[in-house]
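# Coordinate inspection notes
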Amino acid sequence: MSNAAAPVADSTANWVDTHAPLWARPYLRLSRFDRPIGWWLLLMPCWWSAALAAGIAHDVRGLPLVIVLFFIGAVVMRGAGCTWNDITDRKLDAQVERTRSRPIPAGQVTVRQAAAFLVLQALIGLAVLLQFNGFAILTGIGSLVVVAIYPFMKRVTYWPQVFLGLAFSWGALMGFAVILARIDATALFLYAGSIAWVIAYDTIYAHQDTEDDVLIGIKSTALLFGERTQLALTIFYSIAVVLIGVALWRGGSQWLAWIGLAAFAAHLVWQVRTIRIDDSALCLRLFKSNRNAGLLLFAGLLADAVLRSL
C-alpha cells in the first residue's frame, strides 16, 4: 500500500480506506471523515438548541431545514477544526504512536495543501452560515476565536477540555440565535451544561494518550484527574444534567423533554460505572457512546417541540 493510501493509526477500516479515491484519502482523513463521531458530538448541542428554541417558539415549521443546515455545518466545520488542529499539532502528532501516521506528519499532504483545504471547508461553512439571520451569522463567526486557540491550550494548561467544551458546545447558542434571534439565560444554561458534558467525555477520550502525553509534555484533564477520574466524571456529568435541566425548566419544556433528559442521564451513569481508565479500547467505546446519549436528549426535545407546536 502506498503512503498516500495508508490509514491513520487511530482509525479503523472504513469507506475512506476502501472506496475513496487515493488522491482524496489524505484530505478526508484531515477532516476526519473516517471518524464521524466528532461531527456527531459537535452536532448534538446544535440540535438540542434548535429543538428547545422551536419548542419555546411553539413553531417547528422551520426546524427541518435548520436541522439539515446544522448537520452540514457541523460536518464541514468539524473537518476544518481538525485540519487546523493537525496543522498546529503536526510536530506533536509525529511523536505519538496513535497520531504519527496522520496525513501531515506522515508526509501525505504538505502544510500548504492542508491550509488550502482548511480554507475550502471554512468557505462551505460560511455558505451554510449565510442562510441564517444576521444575529446568527455574527454568533457563528464568534466561535472562530475559541476554535483557533483550542489546539494550543494543551501546551499550557491541564484543562484544555474546557476550551474544547467552549468550542464544541457553541451550537447550544446557535439554535437560539437562528430560531429566536437572541441568546438568553436559557441558552446560556444549555451552553454551560454542554460544556460540562464535553469536559467529561473528552477526559475519557484523553485516557488513550496519557503515557505519550507525559513523555512529550502535553497536559489534559485525564492526567490531572488520574485515579480520581470516575469521581470527576460523576461531578461533571451531574453538572451537565442539572444545568441542562435548568435550561429545560426555563424553556417551559414538558414531559417528553424530561424523559429525554432522564435517558441522557441514565446513559451517563452507565458510562461512569463502566469506565476503566487503563483500558484504552473501552475508553474509546465509552467516548463514542456519547453520540447515543446526545441523541436520546435530542429525541426528547424534538418530540416536546412538536407537541408544543400543535
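Residues numbered from 1 in each chain as written. Predicted model: local features only at pLDDT ≥ 70, side-chain atom pairs only at ≥ 80, totals over all residues. Heavy atoms only, no water.

Our focus in this paragraph is unusual backbone geometry. If you check the backbone angles, R32 has positive phi at about 65° while not being a glycine. Residue position: R32 is located in the loop between α2 (25-30) and α3 (37-57). Note on R32: relative accessible area 5%, which makes it buried. (Helix = DSSP H or I, 4+ residues; strand = E, 2+ residues; numbered from the N terminus. Buried < 20%, exposed > 50% of the residue type's maximum accessible area, 1.4 Å probe, protein only.)

This part takes up the UniProt feature "transmembrane region" (unreviewed entry) in the protein chain. Per the UniProt record, "transmembrane region" (unreviewed entry) is found at residues 37-57, 63-88, 109-129, 162-183, 189-208, 229-249 and 255-272. Summarising residues 189-208: 90% helix, 0% strand, and an end-to-end C-alpha distance of 30 Å. Summarising residues 229-249: 100% helix, 0% strand, and an end-to-end C-alpha distance of 30 Å. (UniProt positions renumbered as here; feature names shortened; annotations may be inferred.)

What follows covers the nonpolar core. Among the nonpolar cores identified, the biggest contains 77 residues, and L43, W48, F70, W197, Y237 and F264 are the most heavily contacted of them. Setting aside residues no more than four positions away along its own chain, W197 makes contact with L41, M44, P45, W48, Y237, A240, F264, L268, N290 and G294. One finds L30, I87, A114 and F117 within the second-largest nonpolar core, a separate group that totals eight residues. (Core = buried A, V, L, I, M, F, W, Y, C linked by side-chain atoms within 4.5 Å. Contact = heavy atoms within 4.5 Å.)

Given a rise of 1.5 Å per residue, 20 residues ought to cover 28 Å, and the 29 Å separating the end C-alpha atoms of helix α14 (residues 255-274) matches this to within 8%. Among the residues making up α14, those that are buried are A257, G260, L261, F264, H267, L268, Q271 and V272. Buried residues of α14, viewed axially, fall in a sector of 140°; they line one side. Across from the buried face of α14, at angles greater than 90 degrees, the exposed residues are W255 and R273. (Expected span 1.5 Å × (residues − 1). Arc of directions from axis to C-beta.)

Inspection of the entire model under this criterion finds eight salt bridges. The shortest N-O distance in the salt bridge between R61 and D59 comes to 2.8 Å. Overall, the relative accessible area of 74% leaves R61 in the exposed class. A relative accessible area of 28% places D59 in the partly exposed class. Residue R102 is joined to D86 by a salt bridge in which the shortest nitrogen-to-oxygen separation is 3.7 Å. Within this pair, whereas R102 is found in the loop between α5 (90-93) and α6 (111-129), its partner D86 is found in helix α4 (residues 63-88), the two being separated by 16 residues in sequence. Ionic contacts of the salt-bridge type, sharing partners, join the residues R32, D86 and R102 into one network. (Salt bridge = Lys/Arg side-chain N within 4 Å of Asp/Glu carboxyl O.)

On the surface, a cluster of nonpolar side chains totalling about 390 Å² of accessible area is made up of V68, F71, I72, L120 and I124. Among the secondary structure elements, those contributing two or more residues to the nonpolar patch are α4 and α6. With three residues, the top contributor of residues to the nonpolar patch is α4. You can see I124 is positioned in helix α6. (Patch = residues over 30% accessible without salt bridge, like charges linked within 9 Å, V, L, I, M, F, W, Y side chains within 5 Å. Areas by Shrake-Rupley, 256 points an atom, 1.4 Å probe, with all protein chains shown as cover.)

A pair of packed helices is characterised by two quantities: the angle between their axes and the separation of those axes. At a minimum axis separation of 11 Å, α3 and helix α10 (residues 185-206) run at an interaxial angle of 155°. Here α10 runs roughly antiparallel to α3, going by the angle between their axes. Note on packing geometry: the crossing formed by α3 with α10 is right-handed. Residues L41, M44, P45, W48, S49, L52 and I56 of α3 form the contact with α10, whose participating residues are T186, L190, S194, W197 and Y201. Of the residues assigned to the contact of α3 with α10, the class counts are nine nonpolar, three polar and no charged. (Axes fitted to C-alpha atoms, helices over the stretch in contact; angles between N-to-C directions. Parallel < 35°, antiparallel > 145°, perpendicular 65-115°, else oblique. Left-handed = near helix turned anticlockwise from the far one by under 90°. Nonpolar A, V, L, I, M, F, W, Y, C, P; charged D, E, K, R; others polar.)

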